[in-house]
Amino acid sequence: MKLSHLLSSALAFGVLTTATSAQAFCGFYVAKAGTDLFNQSSKVALMRDGDRTVITMANDYQGDLTEFAMVIPVPTAIKREQVHISDPAILKHLDAYTAPRLVEYFDDNPCDQRLILEFQRGAVNDVVVTTGTRSRAKSLGVTIEDEFTVGEYDIQLLSAEQSDGLMTYLDENGYQVPDGAGRILGSYIKQDMKFFVAKVNLEEQSQTGNEYLRPIAVAFESPKFMLPIRLGTLNARGEQDLFVYALTRDGQVETTNYRTQKIPTGQELPVYIKDEFPDFYKSMYKTAAKREGGHGVFMEYAWDMNWCDPCAADPLSPEELQELGVFWQASNQSPRRGGKSLARDVFVTRLHVRYDAKSFPEDLKFKTTGNRQNFQGRYVLRHAYEGEMKCEAAKDYKVAVNKRKDEEVKVLANLTGWDRKDIWKDIEDAGVGTKFEIRDDKEDRGPTWWKSIWDDE
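For every chain, the first residue of its written sequence is number 1, and the numbers climb from 1 along that sequence. Note on the predicted model: pLDDT of at least 70 is required for a residue's local features to be given, and 80 or more for side-chain atom pairs to be given and counted; whole-chain, interface and lining totals, by contrast, use all residues. The side-chain figures draw on all heavy atoms in the structure; neither hydrogens nor water molecules are used.

This next bit is on the state of the cysteines. Cysteine sulfur atoms that come within 2.5 Å of each other are treated as a disulfide pair. Inspection of every chain in the model, using the stated rule, returns one disulfide. Two residues, Cys-111 and Cys-391, share a disulfide whose sulfurs are 2.1 Å apart. Taking the sign of the S-S torsion, -80 degrees for the link of Cys-111 and Cys-391, the bridge is left-handed. Look at Cys-111 and you get partly exposed, because its relative accessible area is 21%. Remark: exposure states derive from per-residue accessible area (1.4 Å probe, protein chains only) relative to the maximum for the residue type, with buried under 20%, exposed over 50%, and partly exposed in between. For Cys-391, a relative accessible area of 29% gives the class partly exposed.

The following block contains the structure:
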């Protein structure tokens, strides 16, 4: 029962897993006493247009389904019809479409006197809450605003007058609240926020036939364009990764209370990285975050979803976008290209945050910028020509390629913090991207070259 986070490359050689460090959800998991639950990953799709927001949340929970529950602060009251269980394949598709990618170029034979580079492209039921439960909740200053079942989740919407009462209510209903939750819950209560509590309905889950928990989508209207992350630090080990996919019609989305910066992109790397892309990207991101002192939000992708260059995956279909809450595009589609309708006025921004409670003391607050400039995390592999070369230009070409490879190793070491000697060893072990051997004509003749002139002994 696992919904893994996946990071896909643009190449066809496979799908890549992300870092193994502990990762967290927007809220926090609560468990029955004695159960130690930790969040493993977090993907959130945010559709935003004016005050209208749809949040689709996926998680990578591992453990007994009877022990699962989550608590998410929301800025307004939520009714049953505002909650939807989504298809996890759509978030996977969105992740693949926006993922950092590799591109490859191949040098032509320099003896052809051409510089041709070939671009190679990869049912709703009511939940019955007893009068006694409601009465006890009320005595604790907790109000059960609504309760219902959607898909495999039993959901309650709670409001509270103070954090101690809310924590007591959760504890008395068999859930263990992480240490330190009271202060953070109290800050949300002061903002008049509600608490969206979901746990698994085992009977409904068994009918889905799935071994994983599907994403939950919530639609609401609020002037607040934010994502609560502070609760997610309470039961996570160390740093956490959060991927936010923001869909708007107005352009790039940035955070307002943390600096949004672009991930390093466009660098040429040694070609052996093709088979080491997961390790490279994790190390590169870790190094970039470290240089920012643990602060900041990194933009990995920002693009008009009407097209892509290159495409790590096909753009999302209008049906998939509607599932994510993009309501305005249903009657506003581009003409068909290759038999597929393409989205119009849908701009996607992928933000990647690695955070902990110390470096990110506030929830994420966003704004749409109106900037429709395209950006992507993109890394170049440039293959040298290795066929037969018989011309005067070949030696100059080999010298230039060797210099290029030195620079690629230097760039890779700077991006990742890897030692250059180790990189060269990896290149040698991989058997690709090694330097050309350039022989000097004088050395080729040998120290007694004159013996080939005469037959004298």
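Now that the structure has been shown, the text picks up again.
Looking at the chain as a whole, the pLDDT averages 78, with 76% of positions reaching at least 70. Mean pLDDT across the elements of the chain bottoms out in strand β1 (residues 6–8) (24) and peaks in strand β15 (residues 253–255) (96). A low-confidence stretch, residues 1–25 (pLDDT under 50), is modelled with 102 contacts involving residues beyond four sequence positions or located in other chains. Each residue carries a pLDDT score, the predictor's own confidence in it, on a scale running from 0 to 100. Two residues qualify as a contact provided that any one of their heavy atoms is within 4.5 Å of a heavy atom in the partner residue. Of the regions scoring below 50 in pLDDT, residues 114–128 engages in 37 contacts with residues more than four places distant in sequence or in other chains. Counting from the N terminus, the helices are DSSP H or I runs at least four residues long and the strands are E runs at least two residues long.

Glancing now at the pattern of salt bridges. Salt bridges, as used here, are contacts in which a Lys or Arg side-chain nitrogen is within 4 Å of a carboxyl oxygen on Asp or Glu. Tallied over the full model, the rule gives 18 salt bridges. Here Glu-152 makes a salt bridge to Arg-214, at a shortest N to O gap of 2.6 Å. Here Glu-152, found in the loop between β9 (142–150) and β10 (153–160), pairs with Arg-214, found in the loop between α5 (202–208) and β12 (216–221); they are 62 residues apart in sequence, far enough to count as distant. Classification of Glu-152 as buried rests on a relative accessible area of 0%. Notably, a salt bridge pairs Glu-268 with Arg-382, separated by 2.9 Å at the nearest N-O pair. Here Glu-268, found in strand β17 (residues 268–269), pairs with Arg-382, found in strand β24 (residues 378–383); they are 114 residues apart in sequence, far enough to count as distant. For Arg-382, a relative accessible area of 16% gives the class buried.

Okay, the sheet that holds strand β8 (residues 101–106) next. Spatially, β8-β24-β17 is the arrangement adopted by the three strands of the open sheet, whose pairing is parallel. Only two strands of the sheet have a single neighbouring strand rather than two, namely β8 and β17. Strands pair, by our definition, only if DSSP identifies at least two bridges between them. By the bridge criterion, two bridges tie β17 to β24 in an arrangement that is parallel. Bridging from a neighbouring strand, Glu-268 pairs with Val-380 of β24. Running over the sheet, helix α6 (residues 277–291) touches β8, β17 and β24 and is turned about 135 degrees from β24. Whenever a helix is involved, its axis is fitted only over the stretch in contact; in every case the axis is a line through C-alpha atoms, and angles between N-to-C directions fall within 0 to 180 degrees.

It is worth spelling out unusual backbone geometry at this point. Although it is not a glycine, Asp-192 adopts a positive phi angle of roughly 60 degrees. Locating Asp-192 in the fold gives a position in the loop between α4 (181–190) and β11 (194–200). Take Asp-192: its relative accessible area is 53%, and that puts it in the exposed class.

Side-chain direction in a regular strand flips from residue to residue, so the side chains alternate between the two faces of the sheet. Pairing geometry for strand β13 (residues 226–227) and strand β22 (residues 364–368), over two bridges, is antiparallel. By the bridge assignment, Leu-227 is partnered in β22 with Leu-364. Across three bridges, the pairing between β15 and β22 is antiparallel. Opposite Val-253, over in β22, you have Thr-368 as the bridge partner.

Looking at the element boundaries, Asp-279 is found in helix α6. Overall, Asp-279 belongs to the partly exposed group, its relative accessible area being 38%. Distance from Asp-279 to Thr-416, taken between C-alpha atoms, is 9.4 Å for residues 137 residues apart in sequence.

Locating Asp-241 in the fold gives a position in strand β14 (residues 240–248). A polar atom in the side chain of Asp-241 sits 2.7 Å from the side chain of His-352. Looking at Asp-241, its side chain comes within polar contact range of the side chain of Arg-354, at 3.0 Å. By the criterion applied in these results, polar contacts are pairs of N or O atoms within 3.5 Å in which, for protein atoms, one can donate a hydrogen and the other can accept it, and in which residues neighboring in sequence qualify only through two side-chain atoms.

Here the focus is the environment of Ser-42. You can see Ser-42 is positioned in strand β4 (residues 42–49). Judged by its relative accessible area of 1%, Ser-42 is buried. For Ser-42 and Ala-58, which are 16 residues apart along the polypeptide, the C-alpha to C-alpha distance reads 6.3 Å.

All right, on to the pairing of β24 then. Most of β24 is tucked away, with six of its six residues classed as buried. Side chains Arg-378, Val-380 and Arg-382 of β24 all project onto a buried face; the interleaved residues Tyr-379, Leu-381 and His-383 project onto the opposite face, where all are buried too. Bridge count for β8 against β24 is six bridges, and the pairing is parallel. Its bridge partner being in β24, Arg-101 is matched across the sheet by Arg-378.

By the secondary structure assignment, Arg-101 is in strand β8. Within the structure, Arg-101 has its side chain in polar contact with the side chain of Gln-376 (distance 3.2 Å).

What a helix is expected to span follows from its residue count: subtract one and scale by 1.5 Å. Over its 15 residues, α6 extends 21 Å from the first C-alpha to the last, a length consistent with the 21 Å expected when each residue adds 1.5 Å. Those residues of α6 that fall on the buried side of the exposure criterion are Phe-277, Pro-278, Phe-280, Tyr-281, Ser-283, Met-284, Tyr-285, Thr-287, Ala-288 and Ala-289. Just downstream of α6 lies Gly-293, where phi reads positive at about 70 degrees.

So, about the sheet that holds β13. Taken together, three strands build an open sheet; the order of strands is β13-β22-β15 and the sheet is antiparallel. A single partner strand is all that each edge strand has here, and the edge strands are β13 and β15.

Our focus in this paragraph is the packing of aromatic side chains. Aromatic rings from Phe, Tyr and Trp, taking only the six-membered ring of Trp, are treated as a pair when their centres fall within 6.5 Å; an angle between ring planes under 30 degrees marks them as stacked, one over 60 as edge-to-face, and anything in between as tilted. Inspection of the entire model under this criterion finds 13 aromatic pairs. Relative to Tyr-379, the ring of Phe-280 has its centre 5.2 Å away and its plane inclined at 75 degrees; by these criteria the two rings are edge-to-face. One end of the pair, Phe-280, is in helix α6; the other, Tyr-379, is in strand β24, and 99 residues separate them in sequence. As far as the burial class goes, Phe-280 and Tyr-379 line up, both buried. Measuring from ring centre to ring centre gives 5.2 Å for Tyr-285 and Phe-298, while their planes differ by 65 degrees; the resulting arrangement is edge-to-face. Separated by 13 residues along the polypeptide, Tyr-285 in helix α6 and Phe-298 in strand β18 (residues 297–304) bring together distant segments of the chain. The exposure classification of Tyr-285 matches that of Phe-298, with both residues buried. Three or more aromatic residues link up through ring pairs in this structure, and these residues are Phe-277, Phe-280, Tyr-281 and Tyr-379.

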